[in-house]
Amino acid sequence: MINFEYTRASAISDALRVASSDPNAKFIAGGTNLIDLMKQNVEKPTRLIDITHLPLKEVEDTPSGGLKIGALVPNSDLAYHPTVEARYPLLASAILAGASGQLRNMASTGGNVLQRTRCFYFYDTTTPCNKRKPGSGCSAIRGINRQHAILGTSDACIATHPSDMCVALTVLEATVHVAGPSGERSIAFTDFHRLPGTTPEHDTNLQQDEIITAVELPAKGFAERYTYLKLRDRLSYAFALVSVAVGLDMDGDTIKEARFALGGVAHKPWRDPLAEGLLQGQPATEEHFAKAADMLLRDAQGHGHNDFKIPLGRKAIIRALTQAANGTPQSQSDKKIA
Ligand SMILES: Cc1cc2nc3c(=O)[nH]c(=O)nc-3n(C[C@H](O)[C@H](O)[C@H](O)COP(=O)(O)OP(=O)(O)OC[C@H]3O[C@@H](n4cnc5c(N)ncnc54)[C@H](O)[C@@H]3O)c2cc1C
Ligand code: SF4
């Protein structure tokens, strides 16, 4: 049994004041990840700051033609928002590939970005885990690591970031807006999540007393040529073994701009400008897609059980780029569950 205080914040300033006064306090939004972690004794906050009554539930057009998504917008509402469906179908598709209808109704935009790894050793408090208990060791490196990372790993941790939404946000070059005791700041999405290095206990560059207020998308949404391809053990309700988000800008058969990122393979969505650069100005052929895939995966390294992710990732990139180039994204089309 964990004893904790509960506070419901009625203003962002309230939430920040309480978080600053208690270094073991945690914000709670939908609770779909945090409560599970508390039940497993992985997270032990001394105080929960309920942020669900804060005014962070709007989806608004920005003056520059983009979209600002409040941190408390539920995943379902975001995926079915008319502007997201029309202008950012890659984002809608990635969200709908995740979890279940009921979970997406509860899960918030900010909570999705901050969800923690699904490494089962992280959840199992009887095993060593550097992310849960720094310095205790990593059970996955020589353990069962089928779900684990092949890129950007360290000797301390080989966990993956499990979010689908974040892979699309990486390709869309989103910005995360945060507020903290010393004011507001914005973090480019690619700089938000960290690689494990020697401090795998830190998933992101957000401080404990900072709150995500919004995620902003620039105008470019790749609505014509996009794909979110998720490969997993079951067709639904499973985390990605490998996923690929793609946005292409084409002039006839020639690629003007290519963006693609892999999910399920690293501590953060994995995007590589060198791989994307290989496609610029090139015809959309399997040969060029294969070269780009090889470039993105050039430093990939398996740990035994997850070696299969390297050829799987290569094939997934080629298939996703092909689907996007053909304008056949094969998006998810789940109906919203009330
Ligand atoms: C069975 C199951 C299957 C799932 N499958 C998938 C899947 O396939 N793909 C996928 O992407 N996800 C999946 N998820 C994860 C789900 O998407 C996340 O649990 C959800 O997005 C978290 O959002 P939340 O609002 O419930 O976060 P919470 O659980 O409320 O919070 C998560 C973390 O974020 C922090 N936090 C929340 N909001 C803020 C904020 N605004 N500012 C600062 N900190 C904040 C909390 O302190 C906490 O540390 C699955 C979850 C479950 C339980
Ligand atoms: S991979 Fe990371 S999260 Fe998993 S056991 Fe190792 S240190 Fe812990």
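On a predicted model such as this, the values are computed, not experimentally measured, just so you know. (Residues numbered from 1 in each chain as written. Chains lettered and ligands numbered in written order. Predicted model: local features only at pLDDT ≥ 70, side-chain atom pairs only at ≥ 80, totals over all residues. Heavy atoms only, no water.)

In space, the four strands of this open sheet follow the order 9-10-11-12, with antiparallel pairing throughout. The open sheet has two free edges, formed respectively by strand 9 (226–231) and strand 12 (270–271), since each of these has just one partner strand. Sheet topology note: the strand 10 (residues 242–251)/strand 11 (residues 254–263) ladder contains nine bridges and is antiparallel. Looking across to strand 11, one finds that Met250 is bridged to Ile255. Contacts from helix 5 (residues 89–96) reach strand 9 and strand 10, with the element oriented near 15° to strand 9. Contacts from helix 13 (residues 309–326) reach strand 9, strand 10 and strand 11 within the one sheet, and its direction differs from that of strand 10 by about 35°. (Pairing = 2+ DSSP bridges. Helix = DSSP H or I, 4+ residues; strand = E, 2+ residues; numbered from the N terminus. Contact = heavy atoms within 4.5 Å. Axes fitted to C-alpha atoms, helices over the stretch in contact; angles between N-to-C directions.)

A word on unusual backbone geometry. Although it is not a glycine, Glu173 sits at a positive phi angle of roughly 55°. With respect to the helices and strands, Glu173 occurs in the loop between helix 9 (165–171) and strand 6 (175–180). With relative accessibility at 37%, the residue Glu173 sits in the partly exposed group. Its identity is not glycine, yet Phe222 carries a phi of approximately 55°, on the positive side. Structurally, the position occupied by Phe222 is in the loop between strand 8 (211–217) and strand 9. (Buried < 20%, exposed > 50% of the residue type's maximum accessible area, 1.4 Å probe, protein only.)

Turning next to the site of ligand 2. Lining the immediate surroundings of ligand 2 are 14 residues, of which Cys119, Cys129, Cys138, Cys157 and Ile158 lie closest. Of all the cavities here, the one that holds ligand 2 is the largest cavity. (Near = heavy atom within 4 Å. 1 Å grid on protein atoms, 1.4 Å probe; cavity = no way out; pocket = protein on both sides within 12 Å on 5 of 7 lines; lining within 4 Å. Sits in = over half its atoms within 2 Å of the grid points.)

Another point: the pairing of strand 6. In terms of burial, strand 6 is a largely internal element, five of the six residues being buried. For strand 6 and strand 7 (residues 183–188), the ladder comprises six bridges, and the chain directions are antiparallel. Note that in strand 7 the partner of Ala179 across the bridge is Glu184. Turn length for the strand 6-strand 7 hairpin, with the two strands adjacent in sequence and antiparallel, is two residues. The pairing of strand 6 with strand 8 spans five bridges and is antiparallel. Note that in strand 8 the partner of His177 across the bridge is Ala214.

Take empty space enclosed by the protein next. Going through the model one piece at a time under the given rule, you end up with two cavities of 30 Å³ or more. Computed from the structure, the largest cavity encloses a volume of approximately 90 Å³. Around the largest cavity, the lining comprises 17 residues; the ones closest to its centre are Cys119, Cys129, Cys138, Ala140 and Cys157. Looking at the lining of the largest cavity residue by residue, the classes come out as 11 nonpolar, five polar and one charged. (Points joined across faces, edges and corners; volume = space filled by probe spheres on them. Nonpolar A, V, L, I, M, F, W, Y, C, P; charged D, E, K, R; others polar.)

The next thing to look at is the nonpolar core. Among soluble globular proteins, nonpolar side chains are generally buried collectively. The biggest cluster of nonpolar side chains holds 53 residues, and the ones touching the most others in it are Ile49, Leu78, Leu91, Leu169 and Leu217. Contact partners of Ile49, with chain neighbours within four places excluded, come to Thr7, Ala9, Ala15, Val18, Ala19, Ala25, Lys26, Phe27 and Ile28. Counting 32 residues, the second-largest nonpolar core is a separate cluster that includes Val242, Val265, Ala290 and Ala293. (Core = buried A, V, L, I, M, F, W, Y, C linked by side-chain atoms within 4.5 Å.)

Spatially, the three strands line up as an open sheet ordered 1-3-2, and their pairing is parallel. Lying at the two open borders of the sheet, with one neighbouring strand each, are strand 1 (5–8) and strand 2 (25–28). For this sheet, the mean inter-axis angle between neighbouring strands, taken without regard to orientation, is 25°. Where strand 1 and strand 3 (residues 47–50) come together, four bridges link them in parallel fashion. Paired with Thr7 across the two strands is Ile49, which belongs to strand 3. Packed on one face of the sheet, helix 1 (residues 12–21) meets strand 1, strand 2 and strand 3 and runs near 170° to strand 3.

Keep in mind these values describe shape, not function.
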